[in-house]
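These are the residues of each chain, in order.
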Amino acid sequence: MKKFDILNQISSIGVVAVVRGNSKDEAIKIADACIAGGVKAIELTYTVPGARGIIETLIEKYGDRKDVVIGAGSVLDPETCKGAIEAGAKFIVAPSFNENVAKLANRYQIPYIPGIMTVKEAVTAMEAGCDVIKAFPGDILGPRFVKDIKGPIPYANVMPSGGVDLNNVKDWFKAGVIAVSAGSSLTAGAKKGDFELVTKTAEAFIAEFEAAKAAK
């Protein structure tokens, strides 16, 4: 799958699930529940123990499905990036920008989506080949930040992360994002072992995304 196709797939899904967990089993169950609910872009974070092995398991499980895309999150350095790509991750997400990670991801034509908080950081990341930048933390920046970024840089592709919930999905898309990234607001049911709730919440997120698209 080419870099352009991966980015288009993330954009068409509209919602990226940030998957964390205390174990391999829990993380896989969360990913399964999100995919079952229609959130088929999975960002498995490297805060989960044995993250690389979990990515490999998810790739083995869903690799033949063209509607599912598995990526890696909380990637802070090129060594972790290389390991994630070798495990099969189709996109790389980070809380901040790292030039060496950008170079490595570009070498393998894998989308790298780093977190940014300022216009300068956004431009730096874009100049390094980042086709999508992550507004992070979204609960601090808010949808207005996206509008402000896209004023002087209308061609910036922004995905917020942190603070994205069912109540503000439409606001983010109205501001001009290409997708949203949701963590605890999407996967909270897993803390109680209620993975059916995760699936239902995923369905609700997709419904909000579809409504936001229809409102444009």
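Computed from a predicted model, the values in this text were never measured in an experiment.

Considerations on the packing of helix α2 (residues 24–36) against helix α10 (residues 195–215)
Then step 1. At a minimum axis separation of 7 Å, α2 and α10 run at an interaxial angle of 40 degrees. In terms of their interaxial angle, α2 and α10 are classed as oblique. The chirality of how α2 crosses α10 is right-handed. Residues Glu26, Lys29, Ile30, Ala33, Cys34 and Ala36 of α2 lie in contact with α10, whose contacting residues are Phe195, Val198, Thr199 and Ala202.
Then step 2. Its residues placed into classes, the contact of α2 with α10 shows seven nonpolar, one polar and two charged.

Brief notes about the packing of aromatic side chains
Then step 1. Counted according to the given criterion, the structure contains two aromatic pairs.
Then step 2. Taking the centre distance of 6.2 Å and the plane angle of 35 degrees together, the rings of phenylalanine 97 and tyrosine 112 count as tilted. Residue phenylalanine 97 is located in the loop between β4 (92–94) and α5 (99–107), and its partner tyrosine 112 is located in strand β5 (residues 112–116); the two are separated by 15 residues in the primary sequence.
Then step 3. Overall, the relative accessible area of 4% leaves tyrosine 112 in the buried class.
Then step 4. Lying across the ring of phenylalanine 136, lysine 134 places its NZ or CZ 4.7 Å from the centre.

Quick look at the environment of glycine 115
Then step 1. Looking at the secondary structure, you find glycine 115 in strand β5.
Then step 2. Sequence separation between glycine 115 and serine 74 is 41 residues; the distance between their C-alpha atoms is 9.9 Å.
Then step 3. Aside from chain neighbours lying at most four places away, what touches glycine 115 is Ala94, Pro95, Ser96, Phe97, Lys134 and Phe136.

Reading guide: rules and limits
Residues numbered from 1 in each chain as written. Predicted model: local features only at pLDDT ≥ 70, side-chain atom pairs only at ≥ 80, totals over all residues. Heavy atoms only, no water. Axes fitted to C-alpha atoms, helices over the stretch in contact; angles between N-to-C directions. Helix = DSSP H or I, 4+ residues; strand = E, 2+ residues; numbered from the N terminus. Parallel < 35°, antiparallel > 145°, perpendicular 65-115°, else oblique. Left-handed = near helix turned anticlockwise from the far one by under 90°. Contact = heavy atoms within 4.5 Å. Nonpolar A, V, L, I, M, F, W, Y, C, P; charged D, E, K, R; others polar. Phe/Tyr/Trp six-rings, centres within 6.5 Å; stacked < 30°, edge-to-face > 60°. Buried < 20%, exposed > 50% of the residue type's maximum accessible area, 1.4 Å probe, protein only. Lys NZ or Arg CZ within 6 Å of the ring centre and 35° of its normal.

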